[in-house]
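Descriptive structure summary
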Number of protein chains: 2
Amino acid sequence: MNSQNSQNSQGSQSPQGSQGSQRVQDSPRAQTGAAARRVTYTPDSLLEVAVTVFNERGYDGTSMEDLARAAGITKSSIYHHVKGKEELLTRGVNRALDALNASLDTLEDLPDAGDLDRVEQAVFRAVQILVEELPYVTLLLRVRGNTEAERAAQASRRAIDQRLAGFVERAAAAGALRTDLDPRLASRLVFGMVNSVVEWYRPGPGRWSADDVASAVTHVVFDGLRRR
Amino acid sequence: MNSQNSQNSQGSQSPQGSQGSQRVQDSPRAQTGAAARRVTYTPDSLLEVAVTVFNERGYDGTSMEDLARAAGITKSSIYHHVKGKEELLTRGVNRALDALNASLDTLEDLPDAGDLDRVEQAVFRAVQILVEELPYVTLLLRVRGNTEAERAAQASRRAIDQRLAGFVERAAAAGALRTDLDPRLASRLVFGMVNSVVEWYRPGPGRWSADDVASAVTHVVFDGLRRR
DNA sequence: TAGAGTAAACCGAACGGTCGGTCGGTTCCA
DNA sequence: TGGAACCGACCGACCGTTCGGTTTACTCTA
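All figures in this text were calculated on a predicted structure; none of them were measured in a lab.

What follows deals with the overall build of chain A. A count of helical and extended segments in chain A gives ten helices and zero strands. Within chain A, the fraction of its 228 residues that count as buried is 46%. Taking as baseline every contact in chain A between residues at least 6 positions apart, the subset at least 24 positions apart corresponds to 64%. For chain A, the computed accessible surface area is about 11,500 Å², with 47% contributed by carbon and sulfur atoms.

Written out as structure tokens, the structure is:
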């Protein structure tokens, strides 16, 4: 029978498919020749496929067979590129964590920005990163904590939440925010709204851009929805 | 050896534990005698345990053995009360869907409430229900869509989202909301903030009450965080 | 009131199937 | 021709579920 390949070729991407970041000639360990033709996976291009499937079916709901089908290769071939399922998860969440932490670093190093300015910047940048790294941040936000690797990701995420909450508390202490709201509660709500973007945002022409969403969030958060 | 019982008795609830809604004498099919003593599970009290574990480990990450351990009974005993794992999921999400739909029904039947009033009421009530039925709504919001039952739950949830978005659009059409925001985008953000409450809210004395959170959300959403 | 009978609640063992992962190859290309 | 990329077959463990049997709490009857 051997129906594997004929079933694969329809309904899921082969390496030549639309994923778009497989190794051709400009990838990490590119072939040295002038015109490399073979299209194969790199750990990163495989990660892109894997994270997409993880976000569709959930990490625990995704089998290695699911990943193989989506990638257009066999289950055993995946182990040529990565150690196993968990490495795909940690690589995915680390990409999100790195982007978020880098943004926070530059924000904290801003020499003489006002405390309110910094919070506004933090909200705006958070939405931007969330959209730029949408699948990876989505994966991070849905991590449950069933393994040691997942708990580590959760801990790193909590650290980021606390850095953001610190911005809000400083702005509140400086008197820039309304005083009838607990800053910790306000912070939860604001970044809850920010993070909820992963549940519905999808990029594409004719749709909202990252900046559209970022400025909408910033406007709602700081000035509210009511007409005035 | 038979270490089953001695292991169970520490670290997880037995039917006599703190779950609090097992059948004693006032439950659905109660014993007829004057002083029934035996404490057993009902489908509903078992559901309460199951939904808690589902929310901790994720539905796909929870095995029937996990549920049995948390309930203090064996895996096979669970099947005396429910048909299987999926029935626990559908019962759980339906409880959330029923509560949310009931609230929307009363809100839509409000005879002469202003369009802005209705949106404010919708936001406030949504947070209240979310807190009252916290574990069940949490389960609903995390459903992935891997089975037919899960996709049905997602469809019901989308219908609720659209009813809520309808309120926002009517208020916008009536000129009650700021005009520089797409009402559909505003609706996504507002109920994204509302739903994000399940990610961190935990009830308890000395903590925020449901109304604390509900009014905080309403204030931020309609008037913003900025001091004025 | 002793004891037979009943049905719900629960248990241990096992089922077929799927899981993540391994291994010994074969194919492809610089 | 050497090594990267990939494959098919397979492994032990665990999955959700089933099944036959036991325990428990209670009612009915002699």
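Before going further, it helps to examine the packing of aromatic side chains. Residue and element names in this part refer to chain A. Counted according to the given criterion, the structure contains six aromatic pairs over all chains. With a centroid separation of 6.1 Å and 70° between ring planes, the pair formed by Trp200 and Tyr201 is classed as edge-to-face. Like Tyr201, Trp200 is buried. Their ring planes at 85° and their centres at 5.8 Å tell us that Trp200 and Trp208 sit as a pair that is edge-to-face. Trp208 sits in the partly exposed class, given a relative accessible area of 22%.

What follows covers the relation of the copies chain A and chain B. When chain A is fitted to chain B, the residual RMSD is 0.0 Å, and the transformation amounts to a turn of 180° plus an axial shift of 0.0 Å. In the structure described here, the two chain copies are related by an operation that fits a two-fold rotation axis. A shared binding surface is used by both copies, with 98% of the interface residues of chain A retained as interface residues in chain B.

With 14 residues, helix α10 (residues 210-223) of chain A ought to run about 20 Å at 1.5 Å a step, and its terminal C-alpha atoms sit 20 Å apart, in line with that. Burial analysis of α10(A) places ten of its 14 residues in the buried class, the great majority of the element. The secondary structure elements touched by the buried residues of α10(A) are α6 (115-132) and α9 (183-196) of chain A together with α9 (183-195) and α10 (210-223) of chain B. Among the residues trailing α10(A), Gly224(A) stands out with phi positive, at a value near 80°.

To continue, consider the environment of Val49(B). All names here are of chain B. You can see Val49 is positioned in helix α2 (residues 43-57). Looking at Val49, the relative accessible area reads 3%, which means it is buried. Through-space distance from the C-alpha of Val49 to that of Ala68 is 9.5 Å; in sequence the pair is 19 residues apart.

Quick look at the interface of chain A and chain B now. Of the residues lining the interface, 44 residues belong to chain A; the matching set on chain B comes to 43 residues. Roughly 4,300 Å² of surface becomes buried between chain A and chain B when both sides are summed, with 59% attributable to carbon and sulfur atoms. For chain A, the biggest contributors to the area lost against chain B are Arg178(A), Leu225(A) and Arg226(A); these three give 18% of the whole. Scanning the region where chain A abuts chain B turns up six salt bridges. With its nearest N and O atoms 3.7 Å apart, the salt bridge here joins Arg228(B) to Asp223(A). Remark: the boundary between chain A and chain B carries 22 residue pairs in polar contact (both at pLDDT 80 or more). Of the residues forming the side of chain A that touches chain B, the biggest block, nine residues, is contributed by α9(A).

Now for the pattern of salt bridges. Overall, the coordinates contain 32 salt bridges over all chains when judged by the stated rule. Salt-bridge contacts for Asp115(A) lead to Arg170(A); the nearest nitrogen and oxygen are separated by 3.6 Å. Taken together, the residues Asp115(A) in helix α6 and Arg170(A) in helix α8 (residues 148-173) connect sequence positions 55 residues apart. For Arg170(A), a relative accessible area of 43% gives the class partly exposed. We note a salt bridge from Asp44(B) to Arg91(B), for which the minimum N-O separation is 3.9 Å. With Asp44(B) in helix α2 and Arg91(B) in helix α5 (residues 85-108), this pair connects stretches of sequence that are 47 residues apart. If you follow the salt bridges from partner to partner, you end up with Glu120(A), Asp223(A), Arg226(B) and Arg228(B) in one network.

Bringing α6(A) into the picture now. The end-to-end C-alpha distance of α6(A), which contains 18 residues, comes to 25 Å, matching closely the 26 Å that a straight helix rising 1.5 Å per residue would cover. Looking at the buried residues of α6(A), the elements they touch are α5 (85-108), α7 (134-142), α8, α9 and α10 of chain A.

Residue and element names in this part refer to chain A. Scored by pLDDT, chain A has a mean of 87; 83% of the residues are at 70 or more. Every residue in residues 1-21 is under pLDDT 50, and counting partners more than four places away or in other chains gives 25 contacts. Contacts from residues 23-38, a stretch scored under 50 in pLDDT, to residues over four places away or in other chains number 20 contacts.

With that out of the way, let us pick up the nonpolar core. In terms of nonpolar packing, the biggest core is built from 140 residues, with Leu189(A), Val217(A), Leu225(A), Leu189(B), Val217(B) and Leu225(B) touching the most fellow members. For Val217(A), the residues in contact, after removing those within four places along its chain, are Val123(A), Val127(A), Met193(A), Val194(A) and Leu189(B).

The rules we used
Residues numbered from 1 in each chain as written. Chains lettered and ligands numbered in written order. Predicted model: local features only at pLDDT ≥ 70, side-chain atom pairs only at ≥ 80, totals over all residues. Heavy atoms only, no water. Helix = DSSP H or I, 4+ residues; strand = E, 2+ residues; numbered from the N terminus. Buried < 20%, exposed > 50% of the residue type's maximum accessible area, 1.4 Å probe, protein only. Contact = heavy atoms within 4.5 Å. Areas by Shrake-Rupley, 256 points an atom, 1.4 Å probe, with all protein chains shown as cover. Phe/Tyr/Trp six-rings, centres within 6.5 Å; stacked < 30°, edge-to-face > 60°. Least-squares fit on C-alpha atoms with pLDDT ≥ 70 in both. Expected span 1.5 Å × (residues − 1). Buried area = accessible area lost by both parts, 1.4 Å probe. Salt bridge = Lys/Arg side-chain N within 4 Å of Asp/Glu carboxyl O. Polar contact = N/O pair within 3.5 Å; in protein donor to acceptor, adjacent residues only side chain to side chain. pLDDT = per-residue confidence, 0-100. Core = buried A, V, L, I, M, F, W, Y, C linked by side-chain atoms within 4.5 Å.

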